[in-house]
Amino acid sequence: MQRLVTLSALLLATAAHAAPKQETLSVAGLAQPAEIRIDRWGIAHIYAADTRDAFFLQGYNVARDRLWQVDLWRKRGLGLLAKDFGPDYVAQDRATRLFLYRGDMAREWNAYGAGAKDNTEAFVAGLNAFIDEIAAGKRPLPKEFQVAGTKPDRWSADDVVRIRSHGLTRNVPNEVGRARIACAAGIEAARLYKHIEPNWETKVPAGLDPCDVTEAVLGDYELATRGVRFTGSQAKLAMLEIPPEAIGSNNWTVAGARTASGRPILANDPHREHSTPSLRYIVHMEAPGFSVIGAGEPALPGVSIGHNGTVAFGLTIFPADQEDLYVYETKAGAPLKYRYADGWVDMTTVTETIEVKGQAPRKVELHFTRHGPVVYADAAKSRAFAVRSVWAEPGTSAYFGSMGYMTAKDWPSFKDALSDWGAPSENQVFADTKGDIGWVAAGKVPKRPNWDGLTPIPGDGRYEWTGFLKLDELPSTHNPVSGWFASANQLNLPADYPYAERKVGFEWSTPSRMQRIEEVLAAKDKLTLADAMALQTDPTDVTARRMNALLAGVRTGDAKLAAAIALLAGWDQKTAADSAGAALYEVWITKHLGKAAVARAVPEAARPAMGNGDIAAVMALLEAPDASLGADPAGARDAILGESLLAAYDEVAGQLGPDPKAWAWGKLHQARFDHALSPRVPAAEREAWSSGTAPMAGTALSPLAATWRPNDYRVVAGASFRMVLDVGAWDNSVAINTPGQSGDPASPHFRDLFPIWAKGEYVPLSYSRTAVEAATETVISLKPSGGANTPSR
């Protein structure tokens, strides 16, 4: 049962504590007196005299809580790691710089609308004010920098938007994988690689030799888009490796006619890689004419998920295809010339200097074609490869477009603010205090007139984007008849959408999360906040119903297999932490079922590029077995089911013992977030740099998203942040952000939210001044210092 840490409980707990702690600070760069109230959950509530000071204090407060995290974010994104960490990072710095925005900065800022640059300049001025206090000795260097042996760098506003590689994760890896399979066994062998929908048959584009595309092509792309990590015996510095399909989210917006209160409810839980500190950061900002509360990425001004007192907003990835891999013939003896149309064209070469700790600076060359950065060259084959991405277009800094919609006051202004939304493409949901709800699929989606985007393409001019789809060419809905709308990264193009003409994309998330959300919302005539919280943390995996239906037809004389089938048949399909059935099922479908299907259905030469296949494609094949499984498709299907289930049974027994009565999913599947730097911390201190450990319900396929690592079952991705908004009665709203708001291991708010989150609970998202004051733990009174950085009025 869900337990909410209610406002009344908060008031009682607050009354039992001493009066809020008082601090007074003089801050260079602040224009007028202001106040920050930190509530007992570590959430900062900023009260400023104007919008400029609100953004300044957002940056200042982010530095107070998350300076190490945002400093590393900047250095990774700008390609500045080698300066701090040495020569091992030169290659990653070079790769990252390939994907920096290199267009006109005036066009870039103009793409975000009025106020975006001013607000960002104020935000980075706040960051820099805190950094300057450290440099001047007014504050100690945070412990993380002491451990890493680094110091924070100052920011410019352009730094915030030029970084693209933090968000650049779409289907280039899948294009490469599909080409490798096509080379090995023909494009038809890629059927289990990734489920394609709507119904579509992809072909190798004319002029492409898929055998030109090797795994090595992805080297720079993967270096540019991965987190920071030490090499060799050193430890990783940042996020855990996770599968791309783990990057998703759930959201829904429900009209007052379908809620118990008569007010809309909007809920959102974005799923990303888990880290300490987490990807999201909650903040509340107030100034005359400006009000917003919610979560964003800490290195960005404003929030992207939350509300402004009138309008609530949330997002999930809308998996449009926003990038392509181009393959070029290069000129023998002149590898920086590539064939285009009837002639040879020179690549553009940019020479940059990479500073290296302990060594002389390195000169590196970056090469670009008309389509984008060159990520690989094969001199032996006279081939080069470049990535074309919407991220190179003005206005596509990841999530920065929220600057436009977070001040919207109604549906027309919300939708209008999304007309220029760039990246990543999102399902943006809406609700307002008038009772309106809606959905907008927003993002730059290339027009591909003569190919589908599923494979690499020749770069000789035959395959060119012809602009981008307009917002009204993408789906949306306003006040749907159903009274609700939800998304979970699944295929949600309307049935009559002209997808063959507007090739939005063909690689969507499995619909399992959405199917469960839909069946719950459709059955709830009067949804409550508690219902919404329960749905966000619902561990039901609906795919188990389909697989149990198949297992019911399997006949066996093997007692162990019969016991495994019986265990799953008696299971309620909830991946609860205490469930034996969940332990068997999740290990089966994640580690063994796809592997067995690929071994039967895919030619051996293509298997190295296939991995274990895509679970949605595998399940579709098993439900409709065909000649790819041999002369007896149904018999082969049953053999796949039996062999793989036995292998999973043996694995779980090897981990938890031979008696299934002793099995529990949470004994395997556990959440623990270690600080990126914990391996460099003295052993006696490492536990204090972690979240602690908790058994975890859920799976990648349930609304309670909890993707796990196959080698050790560790939870590595899911919803670290959740939010449920009572639209119009805002103080009833709740949220959670694990492991805590602060990135400082010495802070009481470093991991205080982890045990609450692990139990599926929430804390109040206080909004009114009365509620904020009742929850206040610390009051920070700020005044201008009168220093040189203070803006004039």
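Predicted model, so just to flag it, every value in this text is computed and none were measured.

Caption draft 1: Representation of the overall build of the chain. Each helix and strand counted, the chain has 23 helices and 29 strands in total. The globule rule puts the C-alpha radius of gyration for 793 residues at 28 Å, and the 26 Å found for the chain is close to it. Overall, the chain is about 80 × 70 × 55 Å in size when its C-alpha atoms are taken along their principal axes. Evaluated residue by residue, the chain yields a buried proportion of 60% over its 793 residues. Of the roughly 28500 Å² that the chain leaves accessible, carbon and sulfur atoms contribute 52%.

Caption draft 2: Expanded view of the pairing of strand S10 (residues 323-331). Most of S10 is tucked away: seven of the nine residues are buried. For S10 and strand S16 (residues 383-389), the ladder comprises seven bridges, and the chain directions are antiparallel. Paired with Leu-325 across the bridge in S16 is Val-387. Both S10 and strand S19 (residues 457-458) contribute to a ladder of two bridges, which runs parallel. Directly across from Val-327, in S19, lies its bridge partner Pro-458.

Caption draft 3: Summary view of the pairing of strand S21 (residues 484-487). Taking every second residue as pointing to the same face, both faces of S21 are buried, with Trp-484 and Ala-486 on one and Phe-485 and Ser-487 on the other. Across four bridges, the pairing between strand S4 (residues 248-254) and S21 is antiparallel. In the sheet register, Trp-252 faces S21, and the bridge partner there is Ala-486.

Caption draft 4: Molecular detail of helix H19 (residues 615-623). Within H19, seven of the nine residues are buried, leaving the element largely enclosed by the surrounding structure. Buried residues along H19 sit against helix H15 (543-551), helix H17 (580-601) and helix H20 (633-656).

Caption draft 5: Region of the structure containing the packing of aromatic side chains. Evaluation of the coordinates by the stated rule reveals 32 aromatic pairs. Consider the rings of Phe-85 and Tyr-89, whose centres lie 5.7 Å apart with planes at 55°: the pair is tilted. With respect to burial, Phe-85 and Tyr-89 carry one shared label: buried. Pairing Phe-318 with Trp-508 gives two aromatic rings, centres 5.4 Å apart and planes at 75°, and the pair type is edge-to-face. Separated by 190 residues along the polypeptide, Phe-318 in the loop between strand S9 (311-317) and S10 and Trp-508 in the loop between S21 and helix H13 (512-523) bring together distant segments of the chain. Phe-318 sits in the buried class, given a relative accessible area of 0%. The class for Trp-508 is buried, based on a relative accessible area of 3%.

Caption draft 6: H15, seen in detail. The complete set of buried residues in H15 reads Thr-543, Ala-544, Met-547, Asn-548, Leu-550 and Leu-551. One side of H15 carries all its buried residues, which in axial view fall inside an arc of 155°.

Caption draft 7: Inspection of the state of the cysteines at higher detail. This model, assessed by the stated rule, comprises one disulfide. The residue that forms a disulfide with Cys-183 is Cys-211, at a sulfur-sulfur distance of 2.1 Å. Across the S-S bond of Cys-183 and Cys-211 the torsion is about 100°, and the bridge reads as right-handed. A residue pair is termed long-range when its members are at least 10 positions apart, and Cys-183 in helix H9 (residues 172-185) and Cys-211 in the loop between H9 and helix H10 (219-225) qualify at 28 residues. Looking at Cys-183, the relative accessible area reads 33%, which means it is partly exposed. Taking the relative accessible area as the measure of exposure, Cys-211 reaches 30% and is therefore partly exposed.

Caption draft 8: The packing of H17 against H19, seen in detail. Direction vectors running N to C along H17 and H19 enclose 65°, while the axes themselves pass 10 Å from each other. Comparing the axis directions of H17 and H19 gives the class roughly perpendicular. Considering how the two elements wind past one another, H17 and H19 form a crossing that is left-handed. Only Ile-615, Val-618, Met-619, Leu-621 and Leu-622 of H19 make contact with H17, whose side of the interface consists of Tyr-585, Ile-589, Leu-593, Gly-594, Ala-597 and Ala-601. The residue makeup of the contact of H17 with H19, split by class, is ten nonpolar, one polar and no charged.

Caption draft 9: Up close: the packing of helix H2 (residues 51-78) against helix H6 (residues 116-135). Contact pair H2 / H6: the axes reach a minimum separation of 7 Å and the direction vectors enclose 50°. Taken together, the axes of H2 and H6 are oblique relative to one another. Here the hand of the crossing between H2 and H6 comes out right-handed. Facing H2, whose interface residues are Thr-51, Arg-52, Phe-55, Phe-56, Gln-58, Gly-59, Tyr-60, Val-62, Ala-63, Arg-64, Leu-67 and Val-70, H6 presents Asn-119, Ala-122, Phe-123, Ala-125, Gly-126, Leu-127, Ala-129, Phe-130, Ile-131, Glu-133 and Ile-134. Here the contact of H2 with H6 is built from residues that sort into 15 nonpolar, five polar and three charged.

Caption draft 10: Structural view of the sheet that holds strand S1 (residues 21-27). One open sheet accounts for eleven strands, arranged S1-S29-S2-S3-S6-S7-S8-S9-S17-S18-S20; its pairing is mixed. Edge positions in the sheet fall to S1 and strand S20 (476-478), since each has one partner strand and no second. Sheet twist, expressed as the average angle between the axes of neighbouring strands with direction ignored, equals 15°. Note that strand S18 (residues 437-442) and S20 share three bridges and pair antiparallel. Each bridged residue has a counterpart across the sheet, and for Val-440 the counterpart in S20 is Ser-476. In the packing of H2 onto the sheet, contacts are made with S1, strand S2 (34-39), strand S3 (44-47), strand S6 (281-287), strand S7 (290-296) and strand S29 (776-784), and the angle to S6 comes to roughly 155°.

Caption draft 11: Broad picture of the nonpolar core. With 132 residues, the main nonpolar core has Leu-57, Trp-155, Phe-414, Val-504 and Leu-782 as its most contacted residues. Per-element tally for this core: the top contributor is H2, with 13 residues. Dropping the residues within four chain positions of it, Leu-57 is found in contact with Leu-30, Ala-34, Ile-36, Ile-46 and Leu-782. Listed in part, the 53 residues of the second largest apolar core include Ala-582, Tyr-585, Trp-588 and Leu-593.

Caption draft 12: Structural view of the confidence of the model for the chain. Confidence along the chain averages 94 in pLDDT terms, with 94% of residues attaining 70 or more. Below a pLDDT of 50 lies the segment residues 230-241, which in the model reaches 35 contacts outside its immediate sequence neighbourhood of four places, other chains included. Low pLDDT, under 50, characterises residues 788-793; the stretch is placed with 18 contacts to residues that sit more than four places away or in other chains.

Caption draft 13: Representation of the side chain of Arg-513. Mapped onto the secondary structure, Arg-513 falls in helix H13. No salt bridge forms around the buried Arg-513; measuring N to O, its nearest opposite-charge neighbour Asp-269 is 6.6 Å away. Here Ser-249 takes part through its backbone oxygen, which lies 2.9 Å from a polar atom of the side chain of Arg-513. Polar contacts involving the side chain of Arg-513 include one to the side chain of Asn-489, which spans 2.8 Å. Leaving out residues up to four positions away in the same chain, Arg-513 has contacts with Ser-249, Asn-250, His-271, Ala-488, Asn-489, Ala-700, Leu-701, Ser-702 and Pro-703.

Caption draft 14: The environment of Leu-279, seen in detail. Within the secondary structure, Leu-279 sits in the loop between strand S5 (265-273) and S6. The sequence separation of Leu-279 and Asn-737 amounts to 458 residues, and the corresponding C-alpha distance is 9.2 Å.

Caption draft 15: Geometry of unusual backbone geometry. Across the junction of Thr-276 and Pro-277, the peptide omega takes the value 0°, indicating a cis bond. Mapped onto the elements of the fold, Pro-277 is located in the loop between S5 and S6. For the bond from Thr-738 to Pro-739, the omega torsion is -5°, close enough to zero to count as cis. Of note, Pro-739 is situated in the loop between strand S27 (734-737) and helix H22 (754-758). Its identity as a non-glycine residue notwithstanding, Ser-382 has a phi of 55°, on the positive side. Locating Ser-382 in the fold gives a position in the loop between strand S15 (374-378) and S16. Since its relative accessible area comes to 19%, Ser-382 is described here as buried. Phi is positive for Tyr-713, close to 70°, though the residue is something other than glycine. Mapped onto the elements of the fold, Tyr-713 is located in the loop between strand S24 (706-708) and strand S25 (715-718).

Parameters at a glance
- Residues numbered from 1 in each chain as written.
- Predicted model: local features only at pLDDT ≥ 70, side-chain atom pairs only at ≥ 80, totals over all residues.
- Heavy atoms only, no water.
- Helix = DSSP H or I, 4+ residues; strand = E, 2+ residues; numbered from the N terminus.
- Rg over C-alpha atoms; globule rule 2.2 N^0.38 Å.
- Buried < 20%, exposed > 50% of the residue type's maximum accessible area, 1.4 Å probe, protein only.
- Areas by Shrake-Rupley, 256 points an atom, 1.4 Å probe, with all protein chains shown as cover.
- Pairing = 2+ DSSP bridges.
- Contact = heavy atoms within 4.5 Å.
- Phe/Tyr/Trp six-rings, centres within 6.5 Å; stacked < 30°, edge-to-face > 60°.
- Arc of directions from axis to C-beta.
- Disulfide = S-S within 2.5 Å.
- Axes fitted to C-alpha atoms, helices over the stretch in contact; angles between N-to-C directions.
- Parallel < 35°, antiparallel > 145°, perpendicular 65-115°, else oblique.
- Left-handed = near helix turned anticlockwise from the far one by under 90°.
- Nonpolar A, V, L, I, M, F, W, Y, C, P; charged D, E, K, R; others polar.
- Core = buried A, V, L, I, M, F, W, Y, C linked by side-chain atoms within 4.5 Å.
- pLDDT = per-residue confidence, 0-100.
- Lys, Arg positive; Asp, Glu negative; His and termini not counted.
- Salt bridge = Lys/Arg side-chain N within 4 Å of Asp/Glu carboxyl O.
- Polar contact = N/O pair within 3.5 Å; in protein donor to acceptor, adjacent residues only side chain to side chain.

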